[in-house]
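Summary of structural features
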Amino acid sequence: MNISVKRFTPVEQSFFEKSKRKPPSTKVPYFVVHNYPQLGFFTALRFLEWVTENPEGVVSLPTGKTPEYFIKWVQYLLSNWTDRELEALRESNGLSLSGRPDLRGLQFVQIDEFYPINPKQHNSFYYYVNEFYIKGFGLDPKRAQLINCESIPRPGSRSLAEIFPRQRVDLSLRYRECKSELEKLQQETILMVDQWCSEYEDRIREKGGIGFFLGGIGPDGHIAFNVRGSDLNSTTRLTETNFETQAAAATDLGGIEISRNRLVITIGLATITYNPDATAIIIAAGEAKAGIVKAALENRPNVRYPATALQRLDKSRFYLTEGAASGLTDSVDQFYRDTPWTPEKIQRAVVDLCPRIHKFGRRLTKEDLMKDRHCSLIPDLDDGTVSRVLEKLKAKIARGLTIEEDQVFLHTGPHHDDIMLGFLPHIMHLVRSPLNQHHFTIMTSGFTSVTNEYVVRVLQATRDFLDQGRIQMTDYPDFFMEGYLHKWDKDVYHYLDRMAAGNTEGCARGLSHRIVRALVDIYALQSKPELARKIDDIITYLRSCYAGEKNSPDVQKLKGMIREFEEELVWAHYGVRVKNVTHLRLGFYTGDIFTEVPDRSRDVEPILALLRKIKPTVISLALDPEGSGPDTHYKVLQAIAEAVRMWRRETDLTRLRIWGYRNVWYRFHPSEADIIIPVSLNSMAVLQQTFMNCYLSQRDASFPSYELDGPFSELTRKIWVEQHQLMELVLGRDFWYRNEHPRLRAAHGLVLLKELTVDQFLHEAQRLEKSMEGQIL
């Protein structure tokens with residue numbers, strides 16, 4: 001038996017055997033479970049197993065969304081310890097204990113924190129660990145070592161807001177000469193924080209080091225806030241972060257404008273590995289993490305991959321979902337070795353071979369395939385294997401050139417801009433036919449992507465126009481009674497008409513008209529003076545909120561209605577009427593760190609009613625893999641799937657087709673796609689212009705992807721281009737620039753769609769449901 005298997009704990013041994021995988025080939029062992037909740041269940045059992053053996057041990061546990069199911073399972077198991085069914089469940093998974101673990105003796109060490117930040121804020125990690133670990137797990141707060149920015153020493157009685165007026169900390173003051181009295185104060189504060197960090201490290205080491213460390217892994221591979229490039233011997237310190245980490249933190253802090261300039265206090269990699277007997281576990285879920293997981297596990301210790309520092313520890317582990325493990329060499333080999341060969345799998349093998357050996361697809365030979373460890377396994381491999389694959393890919397491109405007619409399209413998006421970023425170039429061609437009907441539905445309010453600062457700017461402009469008497473509709477006698485309910489499409493036309501004329505102020509007026517209608521609708525306002533006071537009240541309220549604070553429901557609704565106006569602007573470019581753009585505002589979308597699951601009556605019934613009304617022949621939707629992209633994408637998919645199931649009980653859906661799209665969060669492999677759509681430079685320009693002119697709240701890219709520091713439209717273009725570059729390699733450049741079809745000659749990007757029947761879609765939704773919510777019992 002492999003030596004790594006011999007040192008597994010009973011819980012780990014149980015899960016390893018159930019995974020039916022071969023022993024890992026990596027230095028740090030990893031374990032693979034089917035789904036996200038099972039990852040939390042496995043981690044919870046291992047934690048309780050360790051606690052039983054180390055009742056007064058030192059533990060460090062993570063913050064954020066990744067540990068959601070770990071937290072829930074620990075609390076559920078402890079609260080229902082005597083339940084016989086749960087007892088049997090624990091024992092069947094390797095945890096056999098005589099009594100309930102007592103967590104009060106544990107010594108908790110906080111991993112990291114933003115600096116500066118008020119510990120009372122709900123987006124501080126200090127608040128998180130107190131809420132979910134100290135209170136949630138019943139730990140003794142007196143035995144906890146926490147990072148409270150307010151309690152860290154600083155000069156005199158000055159507040160952090162006085163010392164760092166804009167909450168910006170310039171670490172160059174550690175070394176350079178101060179240029180003002182304020183800088184001298186800041187320099188002294190920084191040095192005092194540095195001393196505090198050194199003492200924080202000493203206190204951890206005096207405890208013998210961390211005994212149980214649990215952490216996630218960031219998009220750049222960061223562990224705690226030890227970002228890519230961190231010294232593998234780093235200790236607790238005040239430090240800067242990189243863009244990938246700032247982008248991931250933008251939602252917590254209220255935008256990249258805040259997170260870009262916010263420093264962090266973090267324990268170091270040497271802090272985590274100081275105790276040679278420490279159990280250090282990294283948990284990761286979803287295919288989006290597959291690349292960085294592979295890099296962390298398959299490289300020797302290297303500052304590019306901070307998690308490689310864990311190779312120092314015999315008891316370091318990675319606990320992964322199947323999606324997160326999918327990029328590992330072991331997993332890829334197992335996929336090609338042990339799963340049935342389908343046409344899609346053959347296409348994947350051949351397509352991936354091209355960049356691997358840097359060879360055009362049409363020049364691949366049977367010998368090339370035979371030399372490859374994966375392609376050599378293709379059954380009935382012959383001289384025609386490559387040509388058959390290339391013909392199938394060309395057929396997918398031919399489908400992308402087909403303009404369908406006599407169809408009723410229901411385009412759905414989890415958030416505003418998802419549809420556009422998913423496959424705008426194809427929609428641009430489809431809407432040209434008057435024989436098609438197009439309906440656009442946004443499932444959630446999307447308020448979390450609108451910053452307070454943007455709303456303040458818009459409200460101030462609206463107040464100015466109101467004071468100048470330039471929102472004349474408010475003068476109509478019935479406006480505040482019912483007039484505000486009419487001509488919402490006129491706001492859209494007004495805005496686009498002024499945009500066409502290059503009249504920026506006119507566009508601002510068009511937006512202000514919609515803001516006024518939204519305010520009257522939300523607050524039941526009765527007069528212009530009341531409207532003016534309400535605008536002032538909201539501005540005052542927003543300025544009093546800390547960055548990242550959850551807004552009141554009324555302000556959430558206002559932010560959502562701003563996004564709804566933006567979506568209407570986009571599709572009005574193509575003659576789509578406001579009445580054909582539906583905003584469902586599903587209730588599970590709350591803005592909380594751990595969001596609710598969709599409810600049938602609240603979230604599914606509105607979708608079902610829409611299906612009954614529109615009777616679509618094609619439904620487009622975001623089809624992301626397990627754990628990739630926002631949680632909202634998955635939950636919307638499940639709500640749509642349930643609505644389709646219910647609709648099928650009363651309607652024949654044999655002709656209904658489902659188009660799955662992906663955008664900035666994940667990508668289809670060409671083998672997965674059924675429709676490949678060429679994208680011209682003109683389409684790319686239209687995407688960029690439309691995005692920047694319509695999604696006004698998103699122009700500053702306050703909540704960007706970690707992949708690109710800019711608006712989503714730029715990242716989308718980059719993805720389309722990369723997809724085309726891959727197919728240039730596979731099919732050859734001359735296939736494109738010498739092609740008889742002008743759209744293929746003009747193509748410099750590609751959009752990929754997956755087409756499903758109803759049965760296939762419901763099966764895929766069920767598969768994703770198992771990967772995200774799979775039952776443990």
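One structure accompanies this document, and this report is about it. Quick caveat, the model's predicted, so the values are computed rather than measured.

With that settled, consider the overall build of the protein. Within the protein, the regular secondary structure consists of 29 helices and 17 strands. For a compact globule of 777 residues, the expected C-alpha radius of gyration is about 28 Å, and the protein comes in at 28 Å, within 12% of that figure. Across its three principal directions, the C-alpha atoms of the protein cover 75 × 70 × 60 Å. Residues counted as buried form 59% of the 777 residues belonging to the protein. If you take every contact in the protein between residues at least 6 apart in sequence, the share linking residues at least 24 apart comes to 79%. Accessible surface, the protein as shown: approximately 32700 Å² in total, 49% of it carbon and sulfur. Put simply, the protein has 99 plus and 101 minus side-chain charges, and the middle of one group is 2 Å from the middle of the other.

Here we take up the pairing of strand S6 (residues 212-215). Neither face of S6 is exposed, since Phe212 and Leu214 on one face and Phe213 and Gly215 on the opposite face are all buried. Of the strand pairs in this sheet, strand S2 (residues 58-60) and S6 are connected by two bridges, and their pairing is parallel. Counterpart to Val59 in the pairing with S6 is Phe212. Note: S6 against strand S9 (residues 279-284), four bridges, orientation parallel. By the bridge assignment, Leu214 is partnered in S9 with Ile281.

What follows concerns the sheet that holds strand S8 (residues 263-266). Taken in spatial order, the three strands make up an open sheet running S4-S8-S7, and their pairing is antiparallel. Across the chains shown, the open sheet's two edge strands, defined by having one partner strand only, are strand S4 (112-115) and strand S7 (237-239). If you compare each strand with its neighbour and ignore which way they point, the axes differ by 25 degrees on average. In the sheet, S4 pairs with S8 via four bridges, with the strands oriented antiparallel. Along S8, the bridge assignment pairs Phe114 with Val264. Sitting on the sheet, helix H8 (residues 181-206) is in contact with S4, S7 and S8, with an inclination near 135 degrees to S7.

What follows concerns the packing of helix H14 (residues 343-357) against helix H26 (residues 712-731). For the pair H14 and H26, interaxial distance at closest approach is 9 Å and the crossing angle is 95 degrees. By the angle between their axes, H14 is roughly perpendicular relative to H26. Contact residues: H14 offers Val351, Cys354 and Pro355, while H26 offers Leu726, Leu729 and Val730. Across the contact of H14 with H26, the residue classes tally to six nonpolar, no polar and no charged.

Here we take up the packing of aromatic side chains. Here the structure, examined in full by the defined rule, presents 37 aromatic pairs. Ring centres of Phe125 and Phe225 lie 6.1 Å apart, and the angle between their planes is 20 degrees; this geometry places the pair in the stacked category. You can see Phe125 sitting in helix H6 (residues 125-135) and its partner Phe225 sitting in the loop between S6 and S7, a full 100 residues away along the chain. Across the pair, Phe225 and Phe125 agree in class, each one buried. Among the aromatic residues, those joined into a cluster by ring pairs are Phe8, Phe15, Phe16, Phe31, Phe41, Phe42, Trp73, Tyr76 and Tyr319. Above the ring of Phe15, the side-chain terminus of Lys18 is found at 5.9 Å from the ring centroid. One Lys or Arg, Lys72, reaches over the ring of Tyr69 and ends 5.4 Å from the middle of that ring.

The subject of this paragraph is the nonpolar core. In this structure, Leu519 and Trp571 are the most contacted members of the largest nonpolar core, which totals 78 residues. A per-element tally of this core places helix H20 (residues 504-523) first, with nine residues. Not counting the four nearest positions on each side in its chain, Leu519 is found in contact with Leu459, Ala524, Leu525, Leu531, Ile535, Ile538 and Leu558. Listed in part, the 65 residues of the second largest apolar core include Val408, Leu637, Leu656 and Val758.

Moving on to unusual backbone geometry. Between Tyr115 and Pro116 the backbone carries a cis peptide bond, its omega angle lying at -5 degrees. With respect to the helices and strands, Pro116 occurs in the loop between S4 and H6. Non-glycine residue Asp380 carries a positive phi angle of around 55 degrees. Even without being glycine, Arg585 reaches a positive phi, approximately 50 degrees. By the secondary structure assignment, Arg585 is in the loop between strand S13 (581-583) and helix H23 (600-614). Taking the relative accessible area as the measure of exposure, Arg585 reaches 34% and is therefore partly exposed.

Conventions used here
- Residues numbered from 1 in each chain as written.
- Predicted model: local features only at pLDDT ≥ 70, side-chain atom pairs only at ≥ 80, totals over all residues.
- Heavy atoms only, no water.
- Helix = DSSP H or I, 4+ residues; strand = E, 2+ residues; numbered from the N terminus.
- Rg over C-alpha atoms; globule rule 2.2 N^0.38 Å.
- Buried < 20%, exposed > 50% of the residue type's maximum accessible area, 1.4 Å probe, protein only.
- Contact = heavy atoms within 4.5 Å.
- Areas by Shrake-Rupley, 256 points an atom, 1.4 Å probe, with all protein chains shown as cover.
- Lys, Arg positive; Asp, Glu negative; His and termini not counted.
- Charge placed at Lys NZ, Arg CZ, Asp CG, Glu CD.
- Pairing = 2+ DSSP bridges.
- Axes fitted to C-alpha atoms, helices over the stretch in contact; angles between N-to-C directions.
- Parallel < 35°, antiparallel > 145°, perpendicular 65-115°, else oblique.
- Nonpolar A, V, L, I, M, F, W, Y, C, P; charged D, E, K, R; others polar.
- Phe/Tyr/Trp six-rings, centres within 6.5 Å; stacked < 30°, edge-to-face > 60°.
- Lys NZ or Arg CZ within 6 Å of the ring centre and 35° of its normal.
- Core = buried A, V, L, I, M, F, W, Y, C linked by side-chain atoms within 4.5 Å.

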